[in-house]
Amino acid sequence: MGIWETLGIEPTDNPAQIRKAYAKKLKVHNPEVDPEGFQRLREAYDLALKYTRNTKRNRMSEETSLPERRQPDEWQDHESEEESVHLQPPRRIYELWHSEPVEEEQPNYDPPQRLTLFDRFLEETTREVDSPEEIPIPQRYDFTESYDHSERSMNPDDMVERFFRRTQELYDNYHERIQLENWRELLNDEAMWNVGCHQLIDTRFLHFLEEHYHLPHEVWKLLDSHFQWQEKSETLASQPSGRFVAYLNGQLNQTFTLRYHSFENREDLDIEAFLEWRSGALFALMENDWETAQSYLAKAHALYALDPDLIRLEGEYFLRTGNKNRAFYTFDQLIRLDPDNIDAYLYRARFYLEKGDVHDAIRDCEEILSRMPELWDARSLLGKAYLQLGEWEKAQEVFQEILLHNPSDIDAKICLTQIQSPFNRMTDPTANKQAKAARRKTLYALGLPSKLARFKQFFAIYTRRNIWTMIFLLLLHYAMFAVISMKLDMTSEQMFASLVNKFNPVQIKTMDELKQTPLGYQVEFTLTKASYINMLRVYDKEKHPEPKAEFIPAPKAKERDLLNSDTGYVSVGYLDQQAIIVITDYDHAKEIHDKQSITIQGTLKAIPDGEMLPVIANALEKRKHPHQSILVTDTYINAKPDLEEKGWPGSWLLGILAMISMLYYIRILREIPKTRKALTFH
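Residues numbered from 1 in each chain as written. Predicted model: local features only at pLDDT ≥ 70, side-chain atom pairs only at ≥ 80, totals over all residues. Heavy atoms only, no water.

> Tell me about helix α2 (residues 15-26), and please be specific about residues and values.
Its 12 residues give α2 an end-to-end C-alpha distance of 16 Å, which sits within 8% of 16 Å, the value for a rise of 1.5 Å per residue. Those residues of α2 that fall on the buried side of the exposure criterion are Pro-15, Ile-18, Ala-21, Tyr-22 and Leu-26. The arc that holds the buried residues of α2, viewed along the axis, is 140°, so those residues lie on one side. Those residues of α2 that are exposed and aimed more than 90 degrees away from the buried face are Lys-20 and Lys-24. (Helix = DSSP H or I, 4+ residues; strand = E, 2+ residues; numbered from the N terminus. Expected span 1.5 Å × (residues − 1). Buried < 20%, exposed > 50% of the residue type's maximum accessible area, 1.4 Å probe, protein only. Arc of directions from axis to C-beta.)

> Before we move on, can you summarise the nonpolar core with the specific residues and values?
Counting 106 residues, the largest nonpolar core has Leu-7, Phe-205, Trp-220 and Leu-223 as the members making the most contacts within it. With nine residues, helix α19 (residues 342-355) is the largest single contributor of residues to this core. Leave out the neighbours within four places in its chain, and Phe-205 touches Phe-163, Phe-164, Thr-167, Trp-183, Leu-223, Phe-227 and Trp-229. Leu-514, Ile-580, Ile-600 and Ala-639 belong to the second-largest nonpolar core, a separate cluster that totals 17 residues. (Core = buried A, V, L, I, M, F, W, Y, C linked by side-chain atoms within 4.5 Å. Contact = heavy atoms within 4.5 Å.)

> Let's hear about the pattern of salt bridges: which residues, and what values?
Applying the stated criterion to the full structure yields 26 salt bridges. The partner of Glu-181 in a salt bridge is Arg-184, with the nearest N and O atoms 2.6 Å apart. Taken together, the residues span about one helical turn, with Glu-181 and Arg-184 both in helix α10 (residues 180-186) at a distance of three residues. You can call Arg-184 partly exposed: its relative accessible area is 33%. The partner of Asp-594 in a salt bridge is Lys-590, and the shortest N-O contact between them spans 3.0 Å. With Asp-594 and Lys-590 both in helix α29 (residues 586-595) and four residues apart, this pair spans about one turn of that helix. (Salt bridge = Lys/Arg side-chain N within 4 Å of Asp/Glu carboxyl O.)

> Residue-level account of the side chain of Thr-584, with values.
Relative to the helices and strands, Thr-584 is located in strand β5 (residues 578-584). Look at Thr-584 and you get buried, because its relative accessible area is 0%. Engagement of the side chain of Thr-584 in a polar contact is seen with the backbone nitrogen of Ala-589, the distance being 3.4 Å. Once residues lying within four places of it in the same chain are set aside, the contact partners of Thr-584 are Thr-567, Gly-568, Tyr-569, Ala-589, Ile-592, Ile-600, Ala-639 and Lys-640. (Polar contact = N/O pair within 3.5 Å; in protein donor to acceptor, adjacent residues only side chain to side chain.)

Written out as structure tokens, the structure reads:
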């Protein structure tokens, strides 16, 4: 195969066409995958470029002086020799350079274009001659004499170092750096086509770019076409920093590309400093570091405030930090500066829709769709704007078009369910029936289940997502129940009955029912002929740090300044012909004083050993109370919780268990909206 067949083009003396063909074939013969094919391609490329240079020199020589025409026989011989070299495959040419000449059969076709006979002649120093007969017949053109092998004989490490020197020189010149052709020329360096050098360059080049990354998007794409970084994305994460890998993917995928030509002619601008601050702001926004982003944006803004990409970064910063008004004005400014910025129109349309400026939002969406009809985010915004205006038919048309493109678009399905038919506002029963039927049909077409089916799905998903949390909560409650049982010295049955009693007190009408009721139970009863006996239950916290009840007359308690919200008021009243002691709060004591009768709830408790009963009996005797002879002396009813009940010493373990349970309850409650969102994908 000849050099032109290897390159896949017709013979030509146009170097640009040869380079284009070479670049195209290079995608087929990757040096790492097909080194032999790459070697043949490279040799053909070098020979083709050599051919173009010789052809140009021949033309210049022919214009000045032409040698005397040779005889036909002599011309024929030299033509044959010339063809015998240039029509051989590159591998055969290599063998001719390093072995004895071998006679070969002449090809049976005449190539469209051949090298001239004057290559060797034109390279030699021209000598003055007296007559044409003294001009020697030139020998066959020998590629081995003019082909420069110095670069191939260089040490691979030296070739790599020379390549990176060229790379550094190119990067240091900003105006040369942003030109794509300069990088294309760099990638045609001899070191890139040496298999050993290419591997070394591939390893080091990303680390070079990690510190020298201010390049246009088209340069990144060109470099990726040579190094295949996107195909090796899994191995990239272990080489440069994660921040740089994210930046690299953003540049290659065009999720956010920075431009470099907008200040190309600004000689008064410190471009490198500006680029550092701008990219630093981008990195900070990628990492949600708002303070650093604000600092970098301010420094870059001070250097050059009219860069569209910097203004967009400022808008992103204001948007993500919650300053929507500043974000709106920033994107509005960006549109005036860069009218072709689609993202700015999209952001502004969203702000208009949130502010209620629906017509402005529609205008921006239509502007976007006139340039990019397939931008579905803008189409969705347009449908929501129609929805706010009540233009149901237009909104339905937009969302149905979105569903045709993407049948699983949840947002479009939800918006379709919000579209109200004009029939829904009619009072005619027939029209309403038709509207409901049409709505059910729409829901069925959207694949949305009935309310009962959705509740079943919600319950199944919620249980599946929180099963272990529920099990752990049950165990926590069991542990709390056990702690309370041990503290109160009660069985599980007694604990359960006590819990029920908290919400359903025992109704007491006779003294026998009161005696049959367990201590600690809540009771509800009615006292008759009741009276407040001017005796108080008080707590002196200065005298007794631990809660300890004292029963003293009201004047004495007032004198000691012990009246507060914890004070209990002692009364005595009849229950089934017997007097019983009751401790209440102030309101109930006042009701007893005013009415001598009261219906109240309280806890049945045993009168403790100590001063309580003697003090109360003494007070009744001083007041000559008629009930002292038939007073119940073993129990009393506490309708005012005391400090001992509130404090319950030794409950720290129960408190810890209660706090842990509260955390798990919060987690379960937060799962409810998450499950509702998850339900939309089922």
